[in-house]
Amino acid sequence: MSNEDRRRLMVEAALTVMLRKGIAATTARDVAAEMESSPGLIHHYFDSMDELVAAAFEEVATRGIEVLREAVSRESEPTGRLSEFFRSYLRDDRDWAFQLWLDAWADANRSPTLQAASRRLNLEWQQLLAELIAEGVAAGTFTCPDVPAAAWRILSILDGLTLQAVAHGEPFDRAWVLPWSAGVAERELGLPPGAIDLKDVESPVNH
């Protein structure tokens, strides 16, 4: 087995443990047990557990960005691309990934390595949204005097509502997340209510 393949197995094992126990509680001993190996082998390939945890988190977050980029690319006009961004952002089968984001943000101040990965990946999400907004402005579809700031505001609302739903569940209804955040985006970008198409997304709330 190549060094790269062995590192990949360690990242996958770390991710399994992180999903089961949380980032803060994941240890080299746990990951080694998951692999039926020894903690010493892990430290041979990673300088620290922080590095391994950050690598596992980055794997998940990068995959999420790639999936969203692919979904957005299926639409050709700005409002359709923005609508696909919202529709693809919150999926029931990705709650585990949002839980990892929660863990990463909570542990970031104690782990510079994890903090750096979280900051970099969060910026990638913001830049993707900013690209969509800039395309809409250039096409004359959106009105926005400060694209980066608008992207941060919209993403912060979307992230905050999503993490609230994933972390707490009842009484916060996840069906509120997309209509509320899409409504904020519409107001930010000078779009009429309902311009962001949330088709196939069940929600009892009008925005």
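All chains use their own residue numbering, which begins from 1 and follows the written sequence. For a predicted model such as this one, the threshold for reporting local features is a pLDDT of at least 70, and the threshold for listing and counting side-chain atom pairs is 80 or more; totals across whole chains, interfaces and linings nevertheless cover every residue. Excluded from the side-chain calculations are hydrogens and water; all other atoms, namely the structure's heavy atoms, are used.

1. Side note on the pattern of salt bridges
Between Lys or Arg on one side and Asp or Glu on the other, a salt bridge is scored when a side-chain nitrogen of the former is within 4 Å of a carboxyl oxygen of the latter. Applying the stated criterion across every chain, the model contains eleven salt bridges. Measuring nitrogen to oxygen at the nearest pair gives 2.7 Å for the salt bridge that ties Arg87 to Glu84. Remark: Glu84 and Arg87 occur in helix 5 (residues 78-89); sequence separation between them is three residues, near one turn of the helix. By relative accessible area, Arg87 is classed as buried at 13%. As a salt-bridge pair, Glu188 and Arg153 come within 2.5 Å of each other at their nearest N and O atoms. In this pair, Glu188 is assigned in helix 9 (residues 177-188) and Arg153 in helix 8 (residues 147-168), connecting sequence segments 35 residues apart. Whether a residue is buried, partly exposed or exposed follows from its accessible area with a 1.4 Å probe, protein chains only, as a fraction of its type maximum: under 20%, in between, or over 50%, in that order. The class of Arg153 is partly exposed, set by a relative accessible area of 42%. Each of Arg8, Glu59 and Arg63 takes part in one network of salt bridges that share partners. Per the convention used, a helix needs a DSSP run of H or I reaching at least four residues, while a strand needs a run of E reaching at least two, with both numbered from the N terminus.

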